[in-house]
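Spelled out, the chains give:
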Amino acid sequence: MKNAIRAAPLTSLFIGVALFATIRTITSLVPGPSLASRPGFEEAVAALASYDPTTFVVVSPPEQTEALDRLPMHLPASDALPAKLALLTRWSSFVTLGPRGTTLKGLGAELERRSFGDVELVRYDNPSGERVIFDLARDLDQVTVTLEGETSITCNLRESDGLHCPGRPSWNRVGPAQLTVNGGAWPGTWAHPVTGHDLKIALPELQLSDTIVLEAALDDGVARNGAPVELELQAGPLVRKYTRSAAQGVLAARFPTTPGSHAPVTLTLRTSADGQRHLAVRLRITARRQ
């Protein structure tokens, strides 16, 4: 008769712990149900339709391509939150769409949490504390760009890098750009001025709120030399002029407006010498959170 082999109590404990850890590891590698297949997903997507296009949607967890494809077309969305503050400030609020208990760290205050079966919508305030009504980078397709001089040119050639002016060099455009400012990346809207012309960016007539925020910067590589750039911001009859001198850094200005008023808004850029005036701007209409 063979003797039974018995493990020592301590050995049995080690085996048990190892087995438990192995099971937990295997279980964690098995993907859960996709977000789009969870109960309540369709109802949550229907609720998203009521949000305006200044809301950015983040699906959670990442790599939920099917869920992204089924969101309302008017809402900007991704499976990741924009990392740069300059990008965050384009949106009034952020909404996460994910399983129950989903949170996004590093955002503003949680404003609303809505449950639909196994799916939740969580809306967060913008970290800047301001609601963004209009953002030039985000809403570029709403503006009209003209180059005014002896003759006027409507810059309506839409390409992947923005609005180009017919018959003009490729640098004479208004569109997305990333400059190097104070040694770091500075995303904005390229708006290179032209000698002897006014480059005008006209916004649609919107309901104004508390402030128009304007920022302008030259790329570090050309900032220390060359002519200054004049920026003229007009809201209805009110006009303010600013100068981006040939120096590193960001010109920042806040133009107070009357909440509820309607007025055309135009940003005009001009310079006496356009050589290497690699300029980008940020332009937003914002409302303070109540």
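Everything below is about the structure printed above this text.
Quick caveat: nothing in here was measured; it's all calculated off a predicted structure. (Residues numbered from 1 in each chain as written. Predicted model: local features only at pLDDT ≥ 70, side-chain atom pairs only at ≥ 80, totals over all residues. Heavy atoms only, no water.)

Even after reading the chapter, I still don't get the nonpolar core, so can you show me in this structure?
The nonpolar side chains of a soluble globular protein tend to be buried with one another. Counting 38 residues, the largest nonpolar core has Val143, Ile201, Leu233, Leu267, Leu269 and Val281 as the members making the most contacts within it. When residues of this core are traced back to their parent elements, those giving at least two are strand 7 (144-148), strand 13 (198-202), strand 15 (211-218), strand 16 (229-235), strand 18 (250-256), strand 20 (265-271) and strand 21 (279-288). Not counting the four nearest positions on each side in its chain, Leu267 is found in contact with Leu199, Lys200, Ile201, Leu214, Leu231, Glu232, Leu233, Val281 and Leu283. Residues Val57, Ala67, Leu75 and Phe116 belong to the second largest nonpolar core, which totals 18 residues. (Core = buried A, V, L, I, M, F, W, Y, C linked by side-chain atoms within 4.5 Å. Buried < 20%, exposed > 50% of the residue type's maximum accessible area, 1.4 Å probe, protein only. Helix = DSSP H or I, 4+ residues; strand = E, 2+ residues; numbered from the N terminus. Contact = heavy atoms within 4.5 Å.)

Looking at this structure, how should I read the pattern of salt bridges?
For side chains bearing opposite charge, pairing can occur when the charged atoms are close. Under the defined criterion, the tally for this structure stands at 16 salt bridges. For Lys200, the salt bridge goes to Glu148, with nearest N and O atoms at 3.6 Å. Pair noted here: Lys200 is in strand 13 and Glu148 is in strand 7, with a separation of 52 residues, a long-range link. With relative accessibility at 24%, the residue Lys200 sits in the partly exposed group. For Glu148, a relative accessible area of 30% translates into the label partly exposed. For Arg270, the salt bridge is made with Asp198, and the minimal N-O distance between the two is 2.9 Å. One end of the pair, Arg270, is in strand 20; the other, Asp198, is in strand 13, with 72 residues separating them in the sequence. (Salt bridge = Lys/Arg side-chain N within 4 Å of Asp/Glu carboxyl O.)

Just to check I follow, could you spell out the state of the cysteines for this structure?
The term disulfide refers to a covalent linkage connecting the sulfur atoms of a pair of cysteines. On inspection of all chains with the given rule, the structure shows 1 disulfide. In this model Cys155 forms its disulfide with Cys165; the gap between the sulfur atoms is 2.0 Å. Note on the Cys155 and Cys165 pair: the S-S dihedral is about 90°, so by sign convention the disulfide is right-handed. Here the residue Cys155 occupies a position in the loop between strand 8 (152-154) and strand 9 (157-159), and Cys165 occupies one in the loop between strand 10 (162-164) and strand 11 (173-181), the gap between them amounting to 10 residues. A residue is classified by how much of its surface remains accessible, and Cys155, at 2% relative accessible area, is buried. A residue is classified by how much of its surface remains accessible, and Cys165, at 3% relative accessible area, is buried. (Disulfide = S-S within 2.5 Å.)

Explanation requested: the packing of aromatic side chains in the structure shown.
Given two aromatic rings, one states the distance between the centres and the angle between the planes to describe the pair. Taken as a whole and judged by the stated rule, the model has 2 aromatic pairs. Between Phe56 and Phe94, the ring centres sit 6.1 Å apart and the planes meet at 55°, which makes this aromatic pair tilted. Here the residue Phe56 occupies a position in strand 1 (residues 55-59), and Phe94 occupies one in strand 3 (residues 93-99), the gap between them amounting to 38 residues. When sorted by exposure, Phe56 lands in the same class as Phe94, which is buried. The ring of Phe255 is capped by Arg240, whose NZ or CZ atom sits 5.1 Å from the centre of that ring. (Phe/Tyr/Trp six-rings, centres within 6.5 Å; stacked < 30°, edge-to-face > 60°. Lys NZ or Arg CZ within 6 Å of the ring centre and 35° of its normal.)

Just to check I follow, could you spell out the pairing of strand 11 for this structure?
On a regular strand, one side chain projects to one face of the sheet and the next to the other, so that they alternate. Across 2 bridges, the pairing between strand 10 and strand 11 is antiparallel. Following the sheet pairing, Leu163 is matched in strand 11 by Val174. Note: strand 11 against strand 12 (residues 184-191), 8 bridges, orientation antiparallel. Residue pairing in the sheet places Pro176 in a bridge with Thr189 of strand 12. Where strand 11 folds back on strand 12, the antiparallel hairpin that results is connected by 2 residues, among which Asn182 adopts a positive phi of roughly 55°. (Pairing = 2+ DSSP bridges.)

Help me understand the environment of Gly101, please; the structure alone is not making it clear to me.
With respect to the helices, strands and loops of the structure, Gly101 is situated in the loop between strand 3 and strand 4 (110-116). With a relative accessible area of 53%, Gly101 lands in the exposed category. Between the alpha carbons of Gly101 and Leu121 there is a distance of 9.9 Å; along the sequence they are 20 residues apart. Apart from the residues lying within four places of it in its own chain, the contact partners of Gly101 are Arg113 and Glu120.

Teacher, can you tell me more about unusual backbone geometry here?
The bulk of non-glycine residues show a negative phi, and the bulk of peptide bonds are trans. Here the bond from Ser60 into Pro61 is cis, since omega is -5°, no more than 30 degrees from zero. One non-glycine residue with positive phi stands out, namely Asn182, at about 55°. Looking at the secondary structure, you find Asn182 in the loop between strand 11 and strand 12. Located in the positive-phi region is Gln276, a residue other than glycine, with phi close to 55°. Examined against the element boundaries, Gln276 turns out to sit in the loop between strand 20 and strand 21. Relative accessible area serves as the criterion here: at 52%, Gln276 is assigned to the exposed category.

Where do I start with the sheet that holds strand 1 in this structure?
Strand order in the open sheet formed by 5 strands is 2-1-3-5-4, and the pairing between neighbours is mixed. Strands with a single pairing partner mark the edges of an open sheet, and in this sheet they are strand 2 (77-78) and strand 4. Summarising the sheet, strand 1 and strand 3 pair through 5 bridges and their orientation is parallel. Bridge assignment links Val59 to a residue of strand 3, and that residue is Leu97. Contacts between helix 2 (residues 41-48) and the sheet are confined to strand 1, strand 3, strand 4 and strand 5 (119-125), with strand 5 contributing the most and set at about 30° to the helix. (Axes fitted to C-alpha atoms, helices over the stretch in contact; angles between N-to-C directions.)

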